[in-house]
Amino acid sequence: METRAEEQLIGPLLLARGTVDRSAARRANTAWLEQAWNDPSTRVLVIDNGRTLVERAGDEVRAVLYTPAEAPPGERFLLGVADGVTYFAVAAPLPGGSAGDVNGRVTVPMSPHDAAEGRPVPAGLRQAGGLLGDRDAGLLVYAVALEAWHGVHQFCPRCGARTTVEAGGHIRVCPRDGSQHFPRVDPAVIMLIRDPDDRCLLARGPQWPEGRLSILAGFVEPGESLEAAVIREVAEEVGIVVADPRYLGSQPWPFPRSLMLGFFANALSTDLTPDAEEIAEARWFSREELARALRTGDVRLPPPVSIARRLIETWYGSPLTGDW
């Protein structure tokens with residue numbers, strides 16, 4: 001199968017947006033950080049177990065931002081500067097007593113139409129990431145990723161001493177042995193596989209309900225290239241051989257710290273042998289078959305905030321409905 005010239009992602013990668021300069025050169029300047037924190041024009045996003053407060057303003061949804069004086073106490077992370085305004089995140093319980101859920105899982109329904117205007121509601125990235133504007137989406141994904149990393153790096157992996165936060169939340173330092181520890185991301189490949197008839201492979205894990213399908217994905221192993229990870233993961237999960245992995249784009253997926261790297265690849269074999277521990281169901285779909293399954297409700301696709309949805313729609317040729 002030849003690569004098609006029109007293989008460009010349909011629609012934006014909603015968690016790859018952002019308009020704020022991360023201002024890395026200022027992170028070590030403690031005097032500047034304190035001055036910025038005490039500036040009343042500075043704005044603070046409060047993050048609690050992957051959630052923040054958002055509110056509807058007309059047809060828009062925006063993150064609720066506070067002045068430093070209004071923000072609750074907590075570990076502080078510099079998010080950057082835009083248009084003369086400095087942005088921080090603070091890891092703390094959400095104002096108003098809204099309890100957070102691990103990994104941004106939320107139960108409060110929220111959309112631009114069903115949230116009361118001006119009434120803040122808690123939301124995570126899966127729920128609000130696609131509704132927020134570019135600035136707020138970038139701030140939230142950044143804050144979620146930093147909070148998740150800090151939450152599991154409270155202690156030095158060398159000696160066990162409690163570490164301290166420095167460099168505007170971008171380093172943890174061990175006071176006992178002086179070692180420095182930096183936030184990390186875990187690269188993961190996610191791939192849409194096409195067969196010689198240009199059918200798309202969709203699958204679901206054993207923990208998912210029937211009909212909830214997506215494309216294959218997996219973590220990159222040590223000493224492995226991205227392309228090799230695509231080929232290996234497909235062989236391990238469904239037992240087929242693929243070739244010609246082609247990179248299309250990436251976006252952060254901080255659940256808790258992944259970076260999803262999207263690929264297309266061509267199947268050289270089509271007889272599926274799913275790994276029972278990883279895959280409960282795997283099927284080939286033509287465009288007509290997928291459209292029919294979405295109309296009947298037999299198949300539901302990942303939400304638009306995911307890179308999986310963008311890859312599926314790119315193969316299909318237009319936006320689709322039928323979210324999880």
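Residues numbered from 1 in each chain as written. Predicted model: local features only at pLDDT ≥ 70, side-chain atom pairs only at ≥ 80, totals over all residues. Heavy atoms only, no water.

**Student:** Even after reading the chapter, I still don't get the side chain of Asp 195, so can you show me in this structure?
**Tutor:** Looking at the secondary structure, you find Asp 195 in the loop between strand S10 (186-194) and strand S11 (200-204). Among the polar contacts made by the side chain of Asp 195, one reaches the side chain of Arg 199 at a distance of 2.5 Å. (Helix = DSSP H or I, 4+ residues; strand = E, 2+ residues; numbered from the N terminus. Polar contact = N/O pair within 3.5 Å; in protein donor to acceptor, adjacent residues only side chain to side chain.)

**Student:** Would you mind showing me how to read unusual backbone geometry here?
**Tutor:** Negative phi characterises most residues that are not glycine, and trans characterises most peptide bonds. Omega for the peptide link from Phe 255 to Pro 256 comes to 5 degrees, which places this bond in the cis form. By the secondary structure assignment, Pro 256 is in the loop between strand S13 (242-253) and strand S14 (258-267). Here Asp 198, not a glycine, exhibits a phi torsion of approximately 65 degrees, which is positive. One can find Asp 198 in the loop between S10 and S11. One non-glycine residue, Asp 244, adopts positive backbone phi at about 60 degrees. Looking at where Asp 244 falls in the secondary structure, it is placed in strand S13.

**Student:** Would you mind showing me how to read the environment of Thr 164 here?
**Tutor:** In this fold, Thr 164 is placed in strand S7 (residues 164-166). Thr 164 sits 10 residues away from Cys 174 along the chain, and the two C-alpha atoms are 6.6 Å apart.

**Student:** Sorry if this is basic, but what is going on with the state of the cysteines here?
**Tutor:** Each disulfide is one covalent bond, formed between the sulfur atoms of two cysteines. Considering all chains together, one arrives at zero disulfides under this definition. Cys 159 provides the cysteine sulfur closest to Cys 174, a residue in no disulfide bond, and the two sulfurs are 3.5 Å apart. Since its relative accessible area comes to 1%, Cys 174 is described here as buried. (Disulfide = S-S within 2.5 Å. Buried < 20%, exposed > 50% of the residue type's maximum accessible area, 1.4 Å probe, protein only.)

**Student:** Sorry, what's going on with the pattern of salt bridges here?
**Tutor:** Oppositely charged side chains are able to pair whenever their charged atoms sit close together. Under the defined criterion, the tally for this structure stands at 18 salt bridges. Taking the shortest distance from any N to any O, the salt bridge between Asp 134 and Arg 17 comes out at 2.9 Å. A residue pair is termed long-range when its members are at least 10 positions apart, and Asp 134 in helix H3 (residues 134-151) and Arg 17 in the segment before helix H1 (30-37) qualify at 117 residues. The residue Arg 232 makes a salt bridge to Glu 236 at a minimum N-O spacing of 3.1 Å. Residue Arg 232 and its partner Glu 236 are located together in helix H4 (residues 226-238), separated by four residues, close to a single helical turn. For Arg 232, a relative accessible area of 15% translates into the label buried. With a relative accessible area of 43%, Glu 236 lands in the partly exposed category. Each member of the salt-bridge network shares a partner with another, and the members are Glu 221, Glu 224, Arg 232, Glu 233 and Glu 236. (Salt bridge = Lys/Arg side-chain N within 4 Å of Asp/Glu carboxyl O.)

**Student:** Please explain the sheet that holds S7 as it appears in this structure.
**Tutor:** Spatial strand order, S7-S8-S9: three strands in an open sheet with antiparallel pairing. The strands lining the two open edges of the sheet, one partner per strand, are S7 and strand S9 (180-181). Relative to strand S8 (residues 171-173), S7 runs antiparallel, the two sharing three bridges. For Glu 166, the partnering residue across the bridge sits in S8 and is Ile 171. (Pairing = 2+ DSSP bridges.)

**Student:** For this particular structure, what's the right way to read the packing of helix H5 (residues 287-296) against helix H6 (residues 307-316)?
**Tutor:** The relative placement of two packed helices comes down to the angle between their axes together with the axis-to-axis distance. Relative to each other, H5 and H6 sit at 125 degrees, their axes nearing to 10 Å. Comparing their axes, H6 and H5 come out oblique. Here the hand of the crossing between H5 and H6 comes out left-handed. Residues Arg 287, Leu 290 and Ala 291 of H5 form the contact with H6, whose participating residues are Ile 312, Trp 315 and Tyr 316. (Axes fitted to C-alpha atoms, helices over the stretch in contact; angles between N-to-C directions. Parallel < 35°, antiparallel > 145°, perpendicular 65-115°, else oblique. Left-handed = near helix turned anticlockwise from the far one by under 90°. Contact = heavy atoms within 4.5 Å.)

**Student:** What am I meant to see in the sheet that holds strand S2 (residues 51-57) here?
**Tutor:** Strands pair in a sheet through their backbones, by hydrogen bonds, and they do so in one of two ways: parallel or antiparallel. Strands sit in the order S3-S2-S6 across an open sheet of three strands; the sheet is antiparallel. In the strand order of this sheet, the two ends are held by strand S3 (60-63) and strand S6 (121-124), each with one partner. Pairs of neighbouring strands in the sheet enclose a mean axial angle of 50 degrees, with direction left out of account. Direction of pairing for S2 relative to S3: antiparallel, over a ladder of four bridges. Within S3, the position partnered with Ala 57 by the bridge is Glu 60.

**Student:** Any chance you could explain H1 here in plain terms?
**Tutor:** Note: α-helices contain 3.6 residues per turn, so residues at a spacing of three or four share the same orientation. Among the residues making up H1, those that are buried are Trp 32, Leu 33, Ala 36 and Trp 37. Angularly, the buried residues of H1 cover 135 degrees about the axis, an arc narrow enough to put them on a single face. Every exposed residue of H1 that faces more than 90 degrees away from the buried side is listed here: Thr 30, Ala 31 and Gln 35. Residues of H1 that are buried in the fold lie against strand S1 (43-47), strand S4 (75-82) and strand S5 (85-91). (Arc of directions from axis to C-beta.)

**Student:** Looking at this structure, how should I read H5?
**Tutor:** Taken together, the buried positions of H5 are occupied by Leu 290, Ala 291, Ala 293 and Leu 294. Relative to the axis of H5, the buried residues are bounded by an arc of 165 degrees and lie together on one face. Across from the buried face of H5, at angles greater than 90 degrees, the exposed residues are Glu 288, Arg 295 and Thr 296.

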